[in-house]
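# A closer look at the structure
So you can see what is in the structure, the chains are spelled out below.
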Amino acid sequence: PARAAPFFNLAITYLLEEQYAEAMSWIRQGAERCSPADCQTFLKDSDFDRMRNVPEFQQFVRGLYPELPSLPAAPEV
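What comes next is a walk through the structure. Being a predicted model, the structure only gives us computed values, none of them experimental. (Residues numbered from 1 in each chain as written. Predicted model: local features only at pLDDT ≥ 70, side-chain atom pairs only at ≥ 80, totals over all residues. Heavy atoms only, no water.)

## Some details on the overall build of the protein
Across its full length, the protein holds four helices and zero strands. Ordered by position from the N terminus, the helices and strands of the protein form the series α-α-α-α. Expressed as a percentage of the 77 residues in the protein, the buried residues total 30%. In the protein, the share of contacts with a sequence separation of at least 24, taken over all contacts with a separation of at least 6, comes to 54%. Here the protein has roughly 5100 Å² of accessible surface; of this, 54% comes from carbon and sulfur atoms. (Helix = DSSP H or I, 4+ residues; strand = E, 2+ residues; numbered from the N terminus. Buried < 20%, exposed > 50% of the residue type's maximum accessible area, 1.4 Å probe, protein only. Contact = heavy atoms within 4.5 Å. Areas by Shrake-Rupley, 256 points an atom, 1.4 Å probe, with all protein chains shown as cover.)

Here's what the structure looks like:
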């Protein structure tokens, strides 16, 4: 439970089922267990692409890195 990876893996599981609110819950829990740089590494995974245009996800990423410009929109799948 102290490691972030299982939380991000569960988030991916919910993303595959298009349950974005549940995925965000697991992303937040995973982010609490790692640094912002490590969180970015997890979120780079292409499995998170379907989440990139979700406003809640974009807001979360902006909160991790408020000094960075907004992420570009992901291509439509």
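Continuing now.
## Topic: the nonpolar core
One finds F8, I27, L43, F48, M51, F57 and F60 to be the most contacted residues of the largest nonpolar core, which totals 19 residues. Elements with a contribution of two residues or more to this core: α1 (5–16), α2 (20–31), α3 (36–43) and α4 (55–64). Excluding anything up to four places from it in sequence, F60 contacts M24, I27, R28, A31, C39 and L43. (Core = buried A, V, L, I, M, F, W, Y, C linked by side-chain atoms within 4.5 Å.)

## Some points on α2
For α2, spanning twelve residues, the distance from its first C-alpha to its last is 16 Å, which sits close to the expected 16 Å at 1.5 Å a residue. Buried-residue contacts for α2 involve α1, α3 and α4. (Expected span 1.5 Å × (residues − 1).)

## Some words on α1
The terminal C-alpha atoms of α1, which comprises twelve residues, lie 17 Å apart, in line with the 16 Å expected from a rise of 1.5 Å per residue. Those residues of α1 not exposed but buried are F7, F8, A11, I12 and L15. Angularly, the buried residues of α1 cover 145° about the axis, an arc narrow enough to put them on a single face. Buried residues belonging to α1 abut α2 and α3. E18 lies just past α1 and shows a positive phi near 60°. (Arc of directions from axis to C-beta.)

## Considerations on the packing of aromatic side chains
Following the criterion strictly, the structure yields three aromatic pairs and no others. Plain terms: the ring middles of F7 and W26 are 5.7 Å apart, the flat faces sit at 35° to each other, and that makes the pair tilted. Note that F7 is positioned in helix α1 and W26 in helix α2, a separation of 19 residues in sequence. W26 gets classed as partly exposed once you look at its relative accessible area, which sits at 23%. With centroids separated by 6.4 Å and ring planes inclined at 85°, the aromatic side chains of F8 and F48 adopt a geometry described as edge-to-face. In this pair, F8 sits in helix α1 while F48 sits in the loop between α3 and α4, placing the two residues 40 residues apart along the sequence. (Phe/Tyr/Trp six-rings, centres within 6.5 Å; stacked < 30°, edge-to-face > 60°.)

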